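Structure at a glance
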Amino acid sequence: MINKTVANAEEAIANIEDGMTISVGGFGLCGIPENLIQALIHKGVKELTCISNNAGVDDFGLGLLLQNKQIKKMISSYVGENAEFERQMLSGELEVELIPQGTLATRLMAGGYGMPVIFTPAGVGTEIAEGKEIRKFTFHGVEKDYLMEQAFEPDFALVKAWKGDTMGNLVFRGTANNFNHSMAMCGKITIAEVEELVEPGELDPNYIHTPGVFVHAIFQGEHYEKRIEQRTVRTAE
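Residues numbered from 1 in each chain as written. Predicted model: local features only at pLDDT ≥ 70, side-chain atom pairs only at ≥ 80, totals over all residues. Heavy atoms only, no water.

**Details of the overall build of the protein chain**
If you tally the helices and strands in the protein chain, you get six helices and eleven strands. Considered along the principal axes of its C-alpha atoms, the protein chain spans approximately 55 × 50 × 40 Å. Restricting the contact set of the protein chain to residue pairs at least 6 apart, pairs at least 24 apart contribute 72%. When the accessible area of the protein chain is evaluated, it comes to approximately 12,100 Å², of which 50% is carbon and sulfur surface. (Helix = DSSP H or I, 4+ residues; strand = E, 2+ residues; numbered from the N terminus. Contact = heavy atoms within 4.5 Å. Areas by Shrake-Rupley, 256 points an atom, 1.4 Å probe, with all protein chains shown as cover.)

This is the structure in structure tokens:
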């Protein structure tokens, strides 16, 4: 059995350098690797390209890296909660690639499966398709155009799980599973922080979402805020 534990987030990101591409798990603020993001801030790495479903909010998540001008390019599908992101994009300080959410997820999974490209009808005939290859395929008896998109292969993938064992097997909880699993699959090196770190055999193998073969380093995080982007409550009757 291979023990993949490291002491903390700082040790885990020791080899992340300026100019690298990282994929960051989470859906909104749910399931984001809070400790790893803080470690990147303290290390001060810059010129990063970040692949993430979203860009966090102004004072939390990837929004903190944006505030510090550590991100050169964002590749995302939803960015509507971050005013600093909007300011940097409109001013030309930040490169932005907006991708349909299904395409983003599939390009991540393709990277994990070892598939160099995918073909999707999403984006055909729009700005997204400019300069990209289009092919015709017949599917379910209908011929139409499909856009070729490259699989993602980030230098590092940063994910957060509910539980994990020292071999790197991960279990996500609820909405946190939306992108963390596909992010973990596609990284050349995947780092996982977990709320609870256990010994091999303590996780039910029927409920493991990401096998340890995809994970290179794991540690138990701490001091999770678990913020909610928009809290909606029912008014009292």
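That shown, we press on.
**Looking at helix 2 (residues 34-43)**
Counting buried residues along helix 2, seven of its ten residues qualify, which places the element largely inside the surrounding structure. Buried within helix 2 we find Glu34, Asn35, Leu36, Ile37, Ala39, Leu40 and Ile41. In this fold, the buried residues of helix 2 make contact with helix 1 (9-12), strand 1 (21-24), helix 3 (62-67), strand 8 (156-165), strand 10 (189-198) and strand 11 (217-220). One or two positions beyond helix 2, positive phi appears at glycine 44, with a value near 80 degrees. (Buried < 20%, exposed > 50% of the residue type's maximum accessible area, 1.4 Å probe, protein only.)

**Considering the pattern of salt bridges**
Using the criterion set out here, one finds 13 salt bridges in the structure. Glutamate 196 is the salt-bridge partner of lysine 163, the closest N and O atoms lying 4.0 Å from each other. Of this pair, lysine 163 sits in strand 8 while glutamate 196 sits in strand 10, and the two are 33 residues apart along the sequence. Overlapping salt bridges bring together Lys73, Glu97, Arg107, Lys132 and Glu149 as one network. (Salt bridge = Lys/Arg side-chain N within 4 Å of Asp/Glu carboxyl O.)

**Examining the side chain of threonine 190**
Considering the arrangement of structural elements, one finds threonine 190 in strand 10. Here the side chain of threonine 190 touches phenylalanine 214 through a polar contact of 3.3 Å, landing on its backbone oxygen. Excluding its chain neighbours within four sequence positions, the residues that come into contact with threonine 190 are Ala157, Val159, Ala184, Phe214, Val215, His216 and Ala217. (Polar contact = N/O pair within 3.5 Å; in protein donor to acceptor, adjacent residues only side chain to side chain.)

**Comments concerning the sheet that holds strand 7 (residues 142-150)**
Ordered in space as 5-7-6, the three strands form an open sheet in which the pairing is antiparallel. At either end of the open sheet lies a strand with only one pairing partner, and these are strand 5 (117-120) and strand 6 (134-139). Neighbour to neighbour, the strand axes of the sheet diverge by 40 degrees on average, direction disregarded. Bridge count between strand 5 and strand 7: four bridges; the pairing is antiparallel. Bridging across to strand 7, threonine 120 finds its partner in leucine 147. In the packing of helix 5 (residues 101-113) onto the sheet, contacts are made with strand 5 and strand 7, and the angle to strand 5 comes to roughly 150 degrees. (Pairing = 2+ DSSP bridges. Axes fitted to C-alpha atoms, helices over the stretch in contact; angles between N-to-C directions.)

**Quick look at the pairing of strand 2 (residues 48-51)**
Alternating positions in strand 2 separate into two faces, Leu48 and Cys50 on one and Thr49 and Ile51 on the other, with burial throughout. As defined by bridge partners, strand 1 adjoins strand 2 across three bridges and the pair is classed as parallel. Of the residues in strand 2, the one forming a bridge with serine 23 is isoleucine 51. For the handedness criterion, the β-α-β arrangement of strand 1, helix 2 and strand 2 is classed as right-handed. Following the backbone out of strand 2, through helix 3 and into the adjacent parallel strand 3 (residues 71-76), one traces a crossover that is right-handed. (Right-handed = clockwise from strand over helix to strand, strands pointing away.)

**Topic: the environment of threonine 103**
Within the secondary structure, threonine 103 is located in helix 5. With 30 residues separating them in the primary sequence, threonine 103 and glutamate 133 have C-alpha atoms 15 Å apart. With near-sequence residues (within four places) excluded, threonine 103 lies in contact with Ile118, Thr120, Ala122 and Glu149.

**Section: unusual backbone geometry**
Even without a glycine there, the phi angle at histidine 140 is positive, about 55 degrees. With respect to the secondary-structure elements, histidine 140 resides in the loop between strand 6 and strand 7. For histidine 140, a relative accessible area of 73% gives the class exposed. In this structure, histidine 223 is a non-glycine residue whose phi angle is positive, near 55 degrees. With respect to the helices, strands and loops of the structure, histidine 223 is situated in the segment after strand 11.

**Observations regarding the packing of helix 5 against helix 6 (residues 177-186)**
Between helix 5 and helix 6, whose axes approach to 7 Å, the crossing angle comes to 40 degrees. Between helix 5 and helix 6, the angle falls in the class oblique. Remark: the crossing between helix 5 and helix 6 carries left-handed chirality. On helix 6, the residues touching Gln101, Leu104, Ala105, Leu108, Met109, Gly111, Gly112 and Tyr113 of helix 5 are Phe179, Ser182, Met183, Met185 and Cys186. Tallied by class, the residues present in the contact of helix 5 with helix 6 amount to nine nonpolar, four polar and no charged. (Parallel < 35°, antiparallel > 145°, perpendicular 65-115°, else oblique. Left-handed = near helix turned anticlockwise from the far one by under 90°. Nonpolar A, V, L, I, M, F, W, Y, C, P; charged D, E, K, R; others polar.)

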